[in-house]
Structures are given as C-alpha cells and as structure tokens.
Amino acid sequence: VWSNGEGRFVGPGGVGLGLASPRQFERTLRRETLLLSPGDLVVLYSDGIVEAMNLDSEQFGEERLMEAIRDCAAYSAA
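(A) Region of interest: the environment of Tyr45. Mapped onto the fold, Tyr45 is located in the loop between helix H1 (22–28) and helix H2 (47–50). Distance from Tyr45 to Glu67, taken between C-alpha atoms, is 14 Å for residues 22 residues apart in sequence. Filtering out sequence-adjacent residues up to four positions away, Tyr45 remains in contact with Phe9, Val50, Glu62 and Leu65. Here the side chain of Tyr45 touches Glu62 through a polar contact of 3.2 Å, side chain to side chain.

Have a look at this one:
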C-alpha cells in the first residue's frame, strides 16, 4: 500500500490462492481490512516478481519493488 509518500507491505497469512483445495484455502485465509484514501495505491504481486534474478543471480527483492512503485506512484492507471 502506498499512501502519502509512504509505502508498506501487507501480507496476511494463509495459503496462496490456487495452492490448496478450496476448503483448505478458506480454512487458512486471513482477512485484513485496509482504509484507503483518494490517491492511495495498492499493488498486488506474486513472489515471482521479488524472486526474479538478474544475470548475477541477484533477486529483484522487495526493496527494488518499492523503489519502482515510488518512481511510478504519481502516474495514473491509464
């Protein structure tokens, strides 16, 4: 979540979508409520983004993801 120039990661617990039976998914699901204001940004991503590696086997990581979000936060979705 990106709000007022500050970013934070929200990661409620539970099994990832599609990784378990619907019954097990529902049993382990943890819901979280976010209060959003106009101009806030929510970015949904999978581990494939932060675990992607360059030719030197360095992961992209959450820090770089946050930098990319910060660099693009002022743009519209369009």
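That shown, we press on.
(B) Representation of the packing of aromatic side chains in the model. For the structure shown, the criterion picks out one aromatic pair. Residues Phe9 and Tyr45 carry aromatic rings whose centres are separated by 6.2 Å and whose planes lie at 75° to one another, so their mutual orientation is edge-to-face. Here Tyr45 lies in the loop between H1 and H2 and Phe9 lies in the loop between strand S2 (6–7) and H1, a separation of 36 residues in the sequence. On the accessibility criterion, Phe9 (36% relative accessible area) is partly exposed. Judged by its relative accessible area of 31%, Tyr45 falls in the partly exposed class.

(C) Spotlight on the pattern of salt bridges. Applying the stated criterion to the full structure yields two salt bridges. Here Arg31 ties to Glu26 by a salt bridge, and the two come within 3.3 Å at their closest N and O atoms. When its relative accessible area of 68% is taken as the criterion, Arg31 is described as exposed. The partner of Glu58 in a salt bridge is Arg64, with the nearest N and O atoms 4.0 Å apart. The partly exposed category is assigned to Glu58, whose relative accessible area is 38%.

Basis of the calculations
Residues numbered from 1 in each chain as written. Predicted model: local features only at pLDDT ≥ 70, side-chain atom pairs only at ≥ 80, totals over all residues. Heavy atoms only, no water. Helix = DSSP H or I, 4+ residues; strand = E, 2+ residues; numbered from the N terminus. Contact = heavy atoms within 4.5 Å. Polar contact = N/O pair within 3.5 Å; in protein donor to acceptor, adjacent residues only side chain to side chain. Phe/Tyr/Trp six-rings, centres within 6.5 Å; stacked < 30°, edge-to-face > 60°. Buried < 20%, exposed > 50% of the residue type's maximum accessible area, 1.4 Å probe, protein only. Salt bridge = Lys/Arg side-chain N within 4 Å of Asp/Glu carboxyl O.

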